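Descriptive analysis of the structure
One letter stands for each residue in the lines below.
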Amino acid sequence: MPVMRTIFLQTWPVSISPSSSASNCFSVKFSVSCCSAASPVTVVNGNVDKKPLERNEVRLGLPSKGRMATDTLDLLKDCQLSVRQVNPRQYVAEIPQLSNLEVWFQRPKDIVRKLVSGDLDLGIVGLDTINEYGQGNEDLILVHDALEYGDCRLSLAIPNYGIFEKVNSLKELEQMPQWTTERPLRVATGFTYLGPKFMKENGMRYVTFSTADGALEAAPAMGIADAIVDLVSSGTTLRENNLKEIEGGVILESQAVLVASRRSLVQRKGVLDITHEMLERLEAHLMAVGQFTVTANMRGSSADEVAERVLGQPSLSGLQGPTVSPVFCKCDGRVVADYYAIVICVPKKALYKSVQQLRAIGGSGVLVSPLTYIFDEETPRWRQLLSNLGL
């Protein structure tokens, strides 16, 4: 049976309500429902004391809907970790390449909450979601902090007209004489933890927050709020609704990340091994994105002489230097090496320039192929993870 607890929290002098004025402090009363009696959670002074769950499967939480969900599945597929879902209406699936792993499709905020409660071991969500719903919980540990999709920023935006027309920085906003105890700056947001935290850290004294979901850009025009705190990608929606970002108003730069429960990594069998394999596959694929292998034949008197010619060109150094190997052919009954094969790795933006430079120093028969993976000797993020875990 679910276990219910009532908790009282007291926080800094910033009010959060649908319509409220600033006060010295406020209390929030709410209930926390644990997932089950088998996964007991005790909350003391905001800290979660969680006993390890009695289960053998490792659980990975993935977003269930939207662009983040699609991009996450695409990335895993590119890493040869395709998610197999027998029934699209089911919330549980598997990755055949990772034995003993269950995939659970959840709302991003629920992924974070269930990592904290111990009902999930790993998750892929946006960094903004971790910071908003994890609220600095030390059990959450970033395994990979840059999966290179879902890029956005959590930002404060104000109207570009009226009393805000000449306001272009957070400092100017804070110094506006309009804000008082009786008439605070009204901010609409769905980020009720990060928003007030940011304002307090930046010395905004007269602020009140109202919670809202969706279409926040309309709030200032409707007179519901003076400003908004919301996720911004290109900024087009803000501009089309006569809103602007201001200097110093970016709260958080965000993208998709792989996050884990520290407790699970240390205590649950198999979590660390699965994390290691996922991390290696992700790193190898992301490192290879936009990289090409270029192969060419070149006449030369020796491998050293050819290498010297290649390294004399600025775009032909490759990842660690070019690979130069002899190309053998039969001439007058003898096996000789008149040509040498050059193999280098170049980024997409330098591809054509590299081909031109190879031709200029005698390269011919140039072959180009995209890279799928670049496996390093050991991924730095794995070493960092072990260090963070004290292992």
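So, here is what we can say about the structure in this document. (Residues numbered from 1 in each chain as written. Predicted model: local features only at pLDDT ≥ 70, side-chain atom pairs only at ≥ 80, totals over all residues. Heavy atoms only, no water.)

**What about the overall build of the chain?**
Defined as follows: In this description a helix means any DSSP run of H or I spanning at least four residues, a strand means any run of E spanning at least two, and both kinds are numbered starting from the N terminus. Burial classes: relative accessible area under 20% of the type maximum marks a residue as buried, over 50% as exposed, and values in between as partly exposed (1.4 Å probe, protein chains only). Residue contacts follow a heavy-atom distance rule, with two residues in contact if any of their heavy atoms lie within 4.5 Å. To measure how exposed things are, a 1.4 Å probe is used in the Shrake-Rupley method; for residues, cover is taken only from the protein chains shown.
What the chain contains, in helices and strands, is twelve helices and 20 strands. Classification of the 391 residues of the chain by burial places 43% in the buried group. At a minimum sequence separation of 6, the contacts of the chain that also span at least 24 residues come to 70%. Working note: accessible area of the chain is about 21,100 Å², and carbon and sulfur atoms make up 50% of it.

**Section: the packing of helix α2 (residues 108-117) against helix α3 (residues 127-134)**
Pairs of packed helices are described in terms of their axes, by the angle between the two and the distance that separates them. Going by this rule: Interaxial angle, 0 to 180 degrees, is taken between N-to-C directions of lines fitted to C-alpha atoms, where a helix line uses only the stretch in contact. An angle counts as roughly parallel when it lies under 35 degrees, as roughly antiparallel when it exceeds 145, as roughly perpendicular when it falls between 65 and 115, and as oblique in every other case. Crossing handedness follows the turn of the near helix against the far one: under a right angle anticlockwise gives a left-handed crossing, and clockwise gives a right-handed one. Under the scheme applied here, ten amino acids are nonpolar (Ala, Val, Leu, Ile, Met, Phe, Trp, Tyr, Cys and Pro), four are charged (Asp, Glu, Lys and Arg), and all others, including Gly, are polar.
At a minimum axis separation of 9 Å, α2 and α3 run at an interaxial angle of 55°. Classified by the angle their axes make, α2 and α3 are oblique. Crossing of α2 over α3 shows right-handed handedness. Here P108, K109, V112 and R113 of α2 come into contact with α3, specifically with T129, I130, Y133 and G134. A breakdown of the residues in the contact of α2 with α3 according to their chemical character gives four nonpolar, two polar and two charged.

**Here's the deal with helix α12 (residues 380-389)**
Heads up, the condition is: Of all possible arcs, the one meant is that of the directions from the helix axis to the C-beta atoms.
Buried within α12 are the following residues: W382, L385 and L389. For α12, the angular spread of buried residues about the axis comes to 60°, placing them on one side. Where α12 is buried, its residues contact β10 (140-144), α8 (262-267) and α9 (271-288). Of the residues one or two after α12, G390 is the one with positive phi, at around 75°.

**Description of the packing of aromatic side chains**
Here is the rule: Think of it this way: a Phe, Tyr or Trp ring, Trp meaning its six-membered ring, pairs with another when their centres are within 6.5 Å, and the plane angle makes it stacked under 30 degrees, edge-to-face over 60, tilted otherwise.
In this structure the tally under the stated criterion is two aromatic pairs. Ring geometry for F164 and W179: centres 6.0 Å apart, planes at 25°, overall stacked. Here W179 lies in the loop between α4 (170-174) and β12 (185-189) and F164 lies in the loop between β11 (152-159) and α4, a separation of 15 residues in the sequence. No difference in accessibility class separates F164 from W179, as the two residues are buried.

**Here's the deal with the side chain of S315**
With respect to the helices and strands, the residue S315 is situated in the loop between α10 (303-311) and β18 (323-331). Apart from residues lying up to four places away in sequence, S315 is in contact with V346, K353, S354 and Q357.

**Description of the pairing of strand β13 (residues 207-211)**
Quick reminder of the rule: Here the rule is simple: two strands pair whenever DSSP picks up at least two bridges between them. Convention used here: a crossover is right-handed provided that the path from the first strand, over the helix, to the second strand proceeds clockwise when the strands point away from the viewer.
The element β13 is largely enclosed, with a buried count of four among its five residues. Note that β12 and β13 share five bridges and pair parallel. Across the sheet, L185 pairs through a bridge with V207, a residue of β13. With respect to chirality, the unit in which β12 leads through helix α5 (residues 194-201) into the neighbouring parallel β13 is right-handed.

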